[in-house]
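Overview (structure and organization)
Listed below are the residues making up each chain.
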Amino acid sequence: SRSTWRISPAGRPRPCTRQSPRRRPMLVAALPLFQLSLLPSAPSPILHAPRGPVTVSRLGGSAIRMEEAGNAVHVPSVDQKSVGGNVVHQPSVDELNPPMGPWYMQSGTAYAEDSRQYRRTVYMHNEWVKHRSSERFIKNLRTIGDSGVAQGLGKELTVATSIAIFCVLANVGLTGYEDLGGTMHPSALQDIAFFRNIKALALPTMPFTICMPALSLLLVFRTNTAYFRWNEARTLWGGVVNSCRNVVRQANTFFAETPDAEDLKDVLAQNTAAYAKALRNFLRGPSDDATFRSELMSIVTKGQMSVSQVDACMAAKNRPMFMLNAMSAALRKVDIDSIDRSRIDSSITTLVDLTGACERIFKSPVPLVYTRHTSRFLAAFLLCLPFGIWPVMGDSWNHWATVPASDVIAFFLLGIEEIGIQIEEPFSILPLEALCNGAIAATIDELVSAKRDPTAYNFPLKAESDLQLPMGAPSPVQDMSGVVVSTGREQQMLEKPGLLSRLRGGK
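Note that this is a predicted model, so its numbers are computed, not measured. (Residues numbered from 1 in each chain as written. Predicted model: local features only at pLDDT ≥ 70, side-chain atom pairs only at ≥ 80, totals over all residues. Heavy atoms only, no water.)

**A few points about the overall build of the protein**
When you go through the protein residue by residue, the secondary structure sums to 18 helices and nine strands. For the protein, with 507 residues in total, the buried portion stands at 42%. Accessible area for the protein stands at about 27,700 Å²; split by element, carbon and sulfur atoms hold 60% of it. (Helix = DSSP H or I, 4+ residues; strand = E, 2+ residues; numbered from the N terminus. Buried < 20%, exposed > 50% of the residue type's maximum accessible area, 1.4 Å probe, protein only. Areas by Shrake-Rupley, 256 points an atom, 1.4 Å probe, with all protein chains shown as cover.)

Below is the structure:
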């Protein structure tokens, strides 16, 4: 897909709002709950996050061109001073889901899996302002038909609604019905001996009252455990970002400024960026293989990795560990002090620990017996719920309020359980592409480039006459030895007997 991007004041490419045709909201069995989505609303912006490697080039002046997985995305010209000359490879995405086919096909497991790639959100200042807006309640109610949870649970909600409708119709057939004029008509089934002793298909509310606290505890524990896993995964990837930066920063500090050392530093830096992408590839699965191989081949075009290393990495059983070994091999070839080598190796060791922690989360789900028992408990509760609600809905016409009441309860209870399932495996919804391409690769490139610029970190201090002191601040005083002190407490200390003479004598 092609998108239009703009540069924010902070210097980051941001997706522009693109108006799409008005979409029909997804209705689950035409339920009253989702009639809120039929209210007139403005067209929703459809924003797409890059799925592949993103490169940025300048098209003369201040125009920028972004290459995303073979598709060119043009960024309008901006004033270079307004963005500070920085281009970050991590665009943010909106929380709305893009269309993936007709509305009646946007449900079920396929939709839930396909929509995970659009939940890899990166928030910046504008997103946080929108997130805590006081209009979020009205907006979320009006877009309830576009809810990813509702669309992912379309079949389950349809079954719950069908049972509620069956409960109402069955009881109408057994107990009679009330016409639009308010007249009660007896049931024709009462003339049959078998149905004469059946008063209604209903259940007492006491069993539901007893079971509800236990079900609530199960759902709360389920969502809390899933969130802890998501939070730990994000924390681990924060450690991956910091450790990768530290490896390159230490290489800039400890490697000699010779041609051979510079080449090895480039190899180490590129292998470090490739390690993060290898870890992402392991956590995303075979669907990410083509993207990962194209990223490695882009390093080959720079002359900092061989094709044989790319083939060996793709054939490795553990690709992140393969890239970590490549980093260690590059470190072993460079001629530096053993203590400095140990410091860089400790950062690589930290990456090994973080890789193992990510593997632990990915390979170990919440105990299956807990997940299965919660699903069975919730399913049985919702299947019986309409028969418990029907008696208390007698004030409504023919008890038809049973249907929307059952559907609302089913939507929220199933939604809680679905949220826990969706975030239990956090790596497919974390913005790993933004972390790999922006927080790691772009930062590494900037560190390496800045090191080779002799004026990058050469910031001369201002002369004493150029210092702009705030109003009311004490002016500096320079003694005969050239020591600049202020007229505050430091000046009083220098006035002590013998202290100024010791300073002048170099002691």
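**Considerations on helix α6 (residues 154–175)**
Spanning 22 residues, α6 covers 32 Å between terminal C-alpha atoms, matching the ideal 32 Å at 1.5 Å per step. Three or more residues of α6 are buried, namely G154, L157, A160, T161, I163, A164, C167, V168, A170, N171 and L174. Positive phi shows up at G176, right after α6, with a value of about 100 degrees. (Expected span 1.5 Å × (residues − 1).)

**Considering the pattern of salt bridges**
Per the stated rule, a full pass over the model turns up 10 salt bridges. Taking the shortest distance from any N to any O, the salt bridge between R280 and E295 comes out at 2.9 Å. Of this pair, R280 sits in helix α9 (residues 259–284) while E295 sits in helix α10 (residues 289–301); the two residues are 15 residues apart in sequence, bridging distant segments of the chain. A relative accessible area of 3% places E295 in the buried class. The closest approach of N and O atoms between R319 and D289, which form a salt bridge, is 2.9 Å. Taken together, the residues R319 in helix α12 (residues 319–333) and D289 in helix α10 connect sequence positions 30 residues apart. We classify R319 as buried; its relative accessible area is 15%. Relative accessible area serves as the criterion here: at 24%, D289 is assigned to the partly exposed category. Among the charged side chains, a salt-bridge network with shared partners connects R120, R284 and E433. (Salt bridge = Lys/Arg side-chain N within 4 Å of Asp/Glu carboxyl O.)

**Some details on the packing of aromatic side chains**
Overall, the coordinates contain seven aromatic pairs when judged by the stated rule. Ring geometry for Y227 and W230: centres 6.0 Å apart, planes at 20 degrees, overall stacked. In this pair, Y227 and W230 both sit in helix α8 (residues 206–254), three residues apart, roughly one turn of the helix. Taking relative accessible area as the criterion, W230 reaches 27% and is therefore assigned partly exposed. (Phe/Tyr/Trp six-rings, centres within 6.5 Å; stacked < 30°, edge-to-face > 60°.)

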